[in-house]
Amino acid sequence: MADTSTQSIQVHAPLARVAAVICDFARYPEWAESIKRVEVLEEYEDGYAAQVRFQIDATVLIDEYTLEYAYADDLSRIEWSLVEPSKTQRSQEGSYDLVENADGGTTVTYTLAVDLAIGMLGMFRRKAEKMIMDTALKELKRRVESLPAA
């Protein structure tokens, strides 16, 4: 059974810019260190990705998997789920919740639940989850804040 983990970060950019970076899957290998290849397999009529295949190499974890995405109309929530089990995951459910702040920045809350197909002690799994989430949020923040203001 998957445990759910949640972390938040403040990004100094408007919600629309944060959402644009999250939704630009093809560019993930440019800024997300463990993501080696991304392929959008299906798109919705509005052009947003419906299914995306990822190839990751996080040193201790190498995997290839496909996620299915759903989006709130205003992109304040972007959520996903694993299409079918992979080499290392039985299931994965996740989301980014974006809240625009009064100062023009955005609070990004990342929620992730992964059921691993490989054995890992609870203490090590929680430490790995924290590291994965910390890294993902910091890389997202760095990418968004490095882009020129529109």
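Look up: the structure comes first, before these words.
Overview of the structure. In this text the structure is predicted, and so the values were computed from the model without any measurement.

**Regarding the sheet that holds strand β2 (residues 35-43)**
Then, in step 1: If you walk across this open sheet you meet the seven strands as β1-β7-β6-β5-β4-β3-β2, and the pairing is antiparallel. A strand with exactly one partner marks an edge of an open sheet, and here the two such strands are β1 (3-11) and β2. The mean angle between the axes of side-by-side strands here comes to 20°, regardless of whether they run parallel or antiparallel.
Then, in step 2: Here strand β6 (residues 89-100) pairs with strand β7 (residues 106-116) via eleven bridges, running antiparallel. Among the inter-strand pairings, Q92 is bridged to a residue of β7, identified as V114.

**As for the pairing of β6**
Then, in step 1: Bridging between strand β5 (residues 77-82) and β6 involves five bridges; their strand directions are antiparallel. From the neighbouring strand, W80 faces β6, where its bridge partner is G94.
Then, in step 2: The hairpin turn running from β5 into β6, its antiparallel successor, is six residues long.
Then, in step 3: The turn joining β6 and β7, which pair antiparallel and follow one another in sequence, is formed by five residues; a positive phi near 90° is taken by G104.

**As for the packing of aromatic side chains**
Then, in step 1: A full pass over the atoms with the stated rule returns 13 aromatic pairs.
Then, in step 2: Seen in terms of ring centroids, F25 and F54 are 6.2 Å apart; in terms of plane orientation they differ by 80°. Their pairing is edge-to-face. On the criterion of sequence distance, the pair formed by F25 in the loop between α1 (15-23) and α2 (28-31) and F54 in strand β3 (residues 49-57) is long-range, its members being 29 residues apart.
Then, in step 3: Looking at F25, the relative accessible area reads 1%, which means it is buried.
Then, in step 4: Residue F54 is classed as buried on the basis of its relative accessible area, which comes to 3%.
Then, in step 5: Look at F25 and Y69: their rings are 4.6 Å apart centre to centre, the planes differ by 50°, and that puts the pair in the tilted class. With F25 in the loop between α1 and α2 and Y69 in strand β4 (residues 62-71), this pair connects stretches of sequence that are 44 residues apart. In terms of burial, F25 and Y69 fall into one category: buried.

**Describing the pattern of salt bridges**
Then, in step 1: Considering all chains together, one arrives at eleven salt bridges under this definition.
Then, in step 2: Taking the shortest distance from any N to any O, the salt bridge between R53 and E39 comes out at 3.3 Å. In this pair, R53 sits in strand β3 while E39 sits in strand β2, placing the two residues 14 residues apart along the sequence.
Then, in step 3: By relative accessible area, R53 is classed as partly exposed at 28%.
Then, in step 4: With a relative accessible area of 33%, E39 lands in the partly exposed category.

Basis of the calculations
Residues numbered from 1 in each chain as written. Predicted model: local features only at pLDDT ≥ 70, side-chain atom pairs only at ≥ 80, totals over all residues. Heavy atoms only, no water. Pairing = 2+ DSSP bridges. Helix = DSSP H or I, 4+ residues; strand = E, 2+ residues; numbered from the N terminus. Axes fitted to C-alpha atoms, helices over the stretch in contact; angles between N-to-C directions. Phe/Tyr/Trp six-rings, centres within 6.5 Å; stacked < 30°, edge-to-face > 60°. Buried < 20%, exposed > 50% of the residue type's maximum accessible area, 1.4 Å probe, protein only. Salt bridge = Lys/Arg side-chain N within 4 Å of Asp/Glu carboxyl O.

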